[in-house]
Amino acid sequence: MCRSINSLDILPDRRIALNWADGQRNHYHFVWLRQQHFHPAIGRPDQPSDAALRLPDDPASLEIASSAIENGELVVRWAGDDVVTRHDLAWLRRNAYDTPSRLGRKARQQTWTGREAAAFLWLDWSRLLEDDEALFGFEVRLRDFGFARVRGAPAARDEVARLAGRLGVLRNTDFGAVATIETRPPSKEERYTNLGAGGWVRLAPHTDEGWRYAPPGISFHLGLESTPGEGGESILVDGLLAARRLAARDADAFDFLTRQPFRFCADRNPRERYVARGRMIVTDQDGEVVGIRFSDRTLGVQDLDEAMIEPAYKAIGAFARELYSADLVYRHKLQPGECHVFDNHRILHARTEFDPESGPRRIAQCSVDREEFHNSYRQLCERLGHFDDANLILPNGALG
Ligand SMILES: [Fe+2]
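If you're wondering where the values come from, they're calculated on a predicted model, not measured in any experiment.

S.K.: Account for the coordination of the iron ion, naming residues and giving values.
M.R.: Coordination of the iron ion by the protein involves His206 (NE2), Asp208 (OD) and His349 (NE2), with metal-donor separations of 2.2 Å. All donor residues of the iron ion come from one chain, and their arrangement in sequence is H-x1-D-x140-H. Pair noted here: His206 is in strand S10 (residues 203-206) and His349 is in strand S19 (residues 347-351), with a separation of 143 residues, a long-range link.

Structural data, given as structure tokens:
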């Protein structure tokens, strides 16, 4: 990365332009630079620890007395209070926020069809536990495709926590940190017996627990036992590809789903009264899809504005048609020791029907919140010297 400056210009609209030696020019607003003065971690080591105000100034109030490049830093002397701020040039280049620089730092999410996913590599379980470069390769696949598959694990319930633990602390739920999905007999107290993970009927593609404000993040499904009869296959679908197709084919439905939150509920038994509202397609400030929340089984009773009811179901139907397209389906019957790892804020999962009389299907399941994964990912990148990867802007997920 270029770290040297040919010249700098002070612009009348309260910005400094840096002209880098490689020909790139970046602009930095006075107030953006001045904020670093208030940043307790990077700006002002001499700031008293009891300083109360760490917010930036009114942009229009800022004037610069002088500025210079000294020892690899932009040094700004501020008029009015004689404050001096120093800004490392490499840091400025890494954090340039003009549109091409910012867009260039966004992680490139790559979509896939079922056929493409069926050709994905199977990564080796023990290598990921022992070798940081192998772990990095696995994390990059999760970052870009939202899905990676691993094999060679011992087919034991708690093994799944060993790989998940490399990505961060496991999310704890009322099932504990690791749960076993297995066929269980119908229970009278449950309203939707056999419709959930413990049933055996076909499950349509869905993201998990959309009824939480922040649904589970990176999900791990480790095969423990594969039902010997027909069916019981795991299905994964790239929700990002479905959303992009919807945007291209039905822009009104896409726009509707990015704006209108829906009510998701879990009230399957007396212990659950969860309700959350969330958008089915979440976009970022550039209109790029960063998260999917979708489930036919936990889409609750809606309480939208009455004028929105018919457009809402029409838009959901249009999205469902994309999500359930046959060519999106990746299908694989998880064998003992095989693990699917996927981003529950992008990838939908499902299961084909099977006959529980022919034998059980057991899967160990756990998850790591996405911010924990992204935090450990950045640390791993830095440890291995992959600084461009560490600096990528990662999608925020299906929040809001
Ligand atoms: Fe599920």
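S.K.: Give me the lowdown on the nonpolar core, citing residues and values where you can.
M.R.: Judged by nonpolar contacts, the single largest core of 36 residues is most densely connected at Phe138, Leu142, Val150, Leu163, Leu167, Phe220 and Val341. The element that contributes the greatest number of residues to this core is helix H6 (residues 132-145), accounting for 6 residues. Not counting residues within four places of it along the chain, the set of residues in contact with Val341 comprises Phe138, Leu142, Gly146, Phe147, Ala148, Val150, Ile218, Ser219 and Phe220.

S.K.: Outline the pattern of salt bridges, listing residues and values.
M.R.: Considering all chains together, one arrives at 29 salt bridges under this definition. Taking the shortest distance from any N to any O, the salt bridge between Asp286 and Lys106 comes out at 2.6 Å. A residue pair is termed long-range when its members are at least 10 positions apart, and Asp286 in the loop between strand S15 (281-283) and strand S16 (289-292) and Lys106 in the loop between helix H3 (99-104) and helix H4 (114-117) qualify at 180 residues. What makes Lys106 buried here is its relative accessible area of 8%. Three or more residues are tied together by salt bridges with common partners; here these are Arg102, Lys106, Asp284, Asp286 and Glu288.

S.K.: Please provide a residue-by-residue account of the pairing of strand S4 (residues 64-70), values included.
M.R.: Pairing of S4 with strand S5 (residues 73-78), which is carried by 6 bridges, proceeds in the antiparallel orientation. The partner of Glu70 across the bridge, within S5, is Glu73. Counted between consecutive antiparallel strands, the loop separating S4 from S5 contains 2 residues, among which Asn71 sits at a positive phi close to 50°.

S.K.: Please set out the packing of aromatic side chains residue by residue, giving values where relevant.
M.R.: All told, the structure shown has 15 aromatic pairs when counted by the stated rule. Look at Trp112 and Phe120: their rings are 6.1 Å apart centre to centre, the planes differ by 75°, and that puts the pair in the edge-to-face class. A relative accessible area of 1% means that Trp112 is categorised as buried. Phe120 gets classed as buried once you look at its relative accessible area, which sits at 9%. Seen in terms of ring centroids, Phe120 and Phe145 are 5.0 Å apart; in terms of plane orientation they differ by 55°. Their pairing is tilted. In this pair, Phe120 sits in the loop between H4 and strand S7 (122-124) while Phe145 sits in helix H6, placing the two residues 25 residues apart along the sequence. Across this residue pair, the class does not change: Phe120 and Phe145 are buried. Members of the aromatic cluster, each reached through a chain of ring pairs, are Trp112, Phe120, Phe145, Phe147 and Tyr330. We note Arg93 situated over the ring of Trp20; from NZ or CZ to the ring centre the distance is 5.2 Å. Directly above the ring of Phe120 sits Arg141, whose terminal nitrogen or CZ lies 5.4 Å from the centroid.

S.K.: Describe in detail the side chain of Asp144, supporting the description with residues and values.
M.R.: Topologically, Asp144 is positioned in helix H6. Each residue touching Asp144, except ones within four places of it in the same chain, is listed here: Arg108, Gln109, Gln110 and Arg346.

S.K.: Run through the pairing of strand S2 (residues 15-20), naming residues and quoting values.
M.R.: When a strand is regular, its side chains alternate between the sheet's two faces. With 5 of its 6 residues buried, S2 lies for the most part within the structure. Pairing of S2 with strand S3 (residues 25-29) involves 5 bridges; the strand directions are antiparallel. Paired with Ile16 across the two strands is Tyr28, which belongs to S3. In sequence, S2 turns back onto S3 through a hairpin of 4 residues, with Gly23 there showing a positive phi of about 95°.

S.K.: Summarise the packing of H6 against helix H7 (residues 160-167); cite the residues concerned and give the values.
M.R.: Packed helices, taken two at a time, are described by the angle between their axes plus the distance between the axes. Contact geometry of H6 with H7 gives a least axis separation of 11 Å together with a crossing angle of 80°. As judged from the angle between their axes, H6 and H7 are roughly perpendicular. The segment H6 lies against H7, with Asp132, Leu135, Phe138, Glu139 and Leu142 engaging Leu163, Arg166 and Leu167. Here the contact of H6 with H7 is built from residues that sort into 5 nonpolar, no polar and 3 charged.

S.K.: Tell me about unusual backbone geometry, and name the residues and values.
M.R.: What you tend to see is this: most non-glycine residues have negative phi, and most peptide bonds are trans. Phi angles above zero are rare outside glycine, and Arg14 is one such case at about 60°. Along the polypeptide, Arg14 turns up in the loop between strand S1 (5-11) and S2.

S.K.: Describe the sheet that holds S5, and please don't skip the residues or the numbers.
M.R.: Across the sheet, which stays open at both edges, the 3 strands sit in the order S4-S5-S6 with antiparallel pairing between neighbours. The sheet is open, and its two edges are formed by S4 and strand S6 (84-88), each paired on a single side. Taking each pair of neighbouring strands and ignoring which way they run, the sheet shows an average axis angle of 15°. Judged from the 5 bridges that link them, S5 and S6 form a sheet pairing that is antiparallel. Bridge assignment links Arg77 to a residue of S6, and that residue is Val84.

S.K.: Would you mind going over the environment of Ala107 in detail, with residue names and values included?
M.R.: On the secondary structure map, Ala107 appears in the loop between H3 and H4. For Ala107, a relative accessible area of 4% gives the class buried. Sequence separation between Ala107 and Ala119 is 12 residues, and the spatial gap between their C-alpha atoms is 22 Å. Other than its neighbours up to four places away in sequence, Ala107 contacts Arg143, Glu288, Leu392, Ile393 and Leu394.

S.K.: Go over the sheet that holds S3 with me, naming the residues and quoting the values.
M.R.: Pairing is antiparallel across the open sheet formed by 3 strands, whose spatial order is S1-S2-S3. Taken across any chain shown, the strands that pair with only one partner, and hence form the sheet edges, are S1 and S3. For this sheet, the mean inter-axis angle between neighbouring strands, taken without regard to orientation, is 20°.

The rules behind the values
- Residues numbered from 1 in each chain as written.
- Predicted model: local features only at pLDDT ≥ 70, side-chain atom pairs only at ≥ 80, totals over all residues.
- Heavy atoms only, no water.
- Donors = N, O, S within 2.8 Å, 3.2 Å for Na, K, Ca; no water.
- Helix = DSSP H or I, 4+ residues; strand = E, 2+ residues; numbered from the N terminus.
- Core = buried A, V, L, I, M, F, W, Y, C linked by side-chain atoms within 4.5 Å.
- Buried < 20%, exposed > 50% of the residue type's maximum accessible area, 1.4 Å probe, protein only.
- Contact = heavy atoms within 4.5 Å.
- Salt bridge = Lys/Arg side-chain N within 4 Å of Asp/Glu carboxyl O.
- Pairing = 2+ DSSP bridges.
- Phe/Tyr/Trp six-rings, centres within 6.5 Å; stacked < 30°, edge-to-face > 60°.
- Lys NZ or Arg CZ within 6 Å of the ring centre and 35° of its normal.
- Axes fitted to C-alpha atoms, helices over the stretch in contact; angles between N-to-C directions.
- Parallel < 35°, antiparallel > 145°, perpendicular 65-115°, else oblique.
- Nonpolar A, V, L, I, M, F, W, Y, C, P; charged D, E, K, R; others polar.

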